[in-house]
Amino acid sequence: MRERRLIAIVVLCCAVIAVVLLFPQLSSAQNGGFGQKGGDPDTPPPPYNPYPPGILPSDLNSEIARVLREVDFIESEALAQLRALPPPTLTNQPPLLAHTGQRLNVLVGKALNFDRNISPFKDRACGFCHMPYAGFSGPIPSVNLTMIAYPGSYQFRAGKRTAQRYTYSPSFPVLNYNQTQQAFFGGNFWDSRATGYLLGSPDANQAQGPPVDTQEHALPDTACVAFRLQSAVYKSFFIELWGDDIDTIKFPHNTEEICETPGGASVFGTDTMPIKLSSSDRAIANHAYDHWAQSLDQYEASPDVSAFSSKFDAFLHSPTANPLSTDEMAGYNLFRGKANCNSCHLDGRSTAPTPPPPQGSAPNSTDTGAAASTAPLFTCFGSANLGLPLNPRDAIYYQNTPDFFGFTANPFGFAFRDLGLGTFLRSGPGSWASPNDDWTQFAPLNDGRMQTSTARNVAMVPPQCPTTEAPGPYFQKEFFHNGYIKSLKQLVHFYNTRDAFPFPTITSGHCPAGHHGKGGLLANGRGEEQ
């Protein structure tokens, strides 16, 4: 009997040893993450691919590599600009970084924005999903066409929404409920969950989301940012701006292993602060995270990102010296007239005085009044439910099985519904907790509402691809929160037809064959414009 037990124990031990030897990555991940002692930090985990054919584009790996090269180039540009900047002078009461302090903050924000070390596998930066040539939105045409949301640090976890442009986003106010209008205004993100209630800036609040979003940078703890800042190439400039207290944080010996494991991993359970710090060190790490966000906000608020340099801005400054072309003026007249775009995307123009009808009736009148705003933001800062259909290509619907780390992003599968602002107001799944219980009562009235983004840079594409429309050369973009619309022409057609042929008679803004939509566009049997 004892001999049989001994043999069984030996066999069991051999099996365990074999598993450890054959699957070292699995052992490493379950005990703290890739890159820990005994693991290989250069060996990524096997990709997560629960998707059917057609969701992940065939060129995804090469396109990821391309964008990462572009990210590295812009980061090196930021570092060169920082090194060439004369240092500011600390003076005044209250203390002030005189002379070059503002530019220092902007350039630190730029370096932060393009630092891909702020992710478990050091392969994602904020700029990865927000590149300048795409209006600081999604830079991979094939992703814009297929999976909608961009793959995060752990391939191929992906979010549920398009990469929202963050040009001009620093101008959005802190989210609040307007009792008179009975509507919410402000905040950042499509669902306005970045309220800005603590930092006073929704844009800075928004910057704090992606680094610890399980589908994006995927760091498991905000303190990982302070930890990575301790070894960042731009650390001296961050310290010059915000002080050297980040160097006083005493991080546990396993911090690197924790930060190399993506958020949501089963090893963490429900612990959102797996790095065990003293209360004083946690406070310093939190302050560093706030400063990270504030510098990013200043970069996005600067003319480097939000430039107010369009032809329309020049037209506002001097309509005579900078007139719009005939086509541009026709489009503008539609925008502020029959199309009614500027009821939500406010253009800052006067509507009087104009001649009386018929000469002066919109959209044929000429606005001869002074501009109400010389820096219009083309948004009302509110939210709206536009009636967009579900997009079955959205990657989030297929992430209903555990990945390598035991994490399931969307256990609901295709039963999931993105209710936007309504979900946030009730602190629902996939959003953040609301900081104001008084808002919960308004959740049902705000289901499906998404933020009215600025229309600025909506059509911005690389110079070698001067349009969003096929045939090319064109740059494939995606519009609205779920990327259902792929071009501005489709966008206009959707608005023209969504109410003329409502669900279930016709879906997706497509007209039946031979029928005109509200705006007079004729569609063929495939629901496409002729």
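As the structure is a computational prediction, the values presented were derived from the model and not from experiment. (Residues numbered from 1 in each chain as written. Predicted model: local features only at pLDDT ≥ 70, side-chain atom pairs only at ≥ 80, totals over all residues. Heavy atoms only, no water.)

**Digging into empty space enclosed by the protein**
On inspection of all chains with the given rule, the structure shows one cavity of 30 Å³ or more. Taken as a whole, the largest cavity encloses approximately 120 Å³ of empty space. In terms of lining, the largest cavity is formed by 17 residues, of which the most central are C126, H130, P210, E216 and H217. For the lining of the largest cavity, the secondary structure elements donating two or more residues are α5 (126-129), α7 (202-207) and α11 (279-301). With three residues, α5 is the largest single contributor of residues to the lining of the largest cavity. (1 Å grid on protein atoms, 1.4 Å probe; cavity = no way out; pocket = protein on both sides within 12 Å on 5 of 7 lines; lining within 4 Å. Points joined across faces, edges and corners; volume = space filled by probe spheres on them. Helix = DSSP H or I, 4+ residues; strand = E, 2+ residues; numbered from the N terminus.)

**With respect to the confidence of the model for the chain**
Scored by pLDDT, the chain comes out at a mean of 86, with 83% of its residues at no less than 70. Per-residue pLDDT stays below 50 along residues 357-363; that stretch engages in ten contacts with residues further than four places along the chain or on separate chains. (pLDDT = per-residue confidence, 0-100. Contact = heavy atoms within 4.5 Å.)

**Topic: the nonpolar core**
L82, V108, Y234, F251, I275 and W292 are the most contacted members of the largest nonpolar core, which has 44 residues in total. Within the residue set of this core, elements represented by two or more residues are α3 (60-84), α4 (101-113), α7, α8 (223-229), α9 (235-242), α10 (255-259) and α11. Residues in contact with L82, not counting those within four places in the same chain, are L104, L107, V108, A111, Y234 and F237. (Core = buried A, V, L, I, M, F, W, Y, C linked by side-chain atoms within 4.5 Å. Buried < 20%, exposed > 50% of the residue type's maximum accessible area, 1.4 Å probe, protein only.)

**Points about the packing of aromatic side chains**
Any two aromatic rings considered together are summarised by their centre-to-centre distance and by the angle between their planes. Applying the stated rule across the entire model yields 27 aromatic pairs. Ring geometry for Y177 versus F184: centroids 4.9 Å apart, planes at 55°, classification tilted. Centre to centre, the rings of F312 and F378 are 5.5 Å apart; their planes meet at 70°, and the pair counts as edge-to-face. Residue F312 is found in helix α12 (residues 311-317), and its partner F378 is found in the loop between α13 (326-336) and β5 (383-384); the two are separated by 66 residues along the sequence. Within the aromatic cluster, the residues linked to one another by ring pairs are Y51, Y397, Y398, F414 and F416. Taking NZ or CZ as reference, R193 lies 3.7 Å from the ring centre of F189, over its face. The side chain of R456 reaches across the aromatic face of Y168, ending 5.0 Å from its centre. (Phe/Tyr/Trp six-rings, centres within 6.5 Å; stacked < 30°, edge-to-face > 60°. Lys NZ or Arg CZ within 6 Å of the ring centre and 35° of its normal.)

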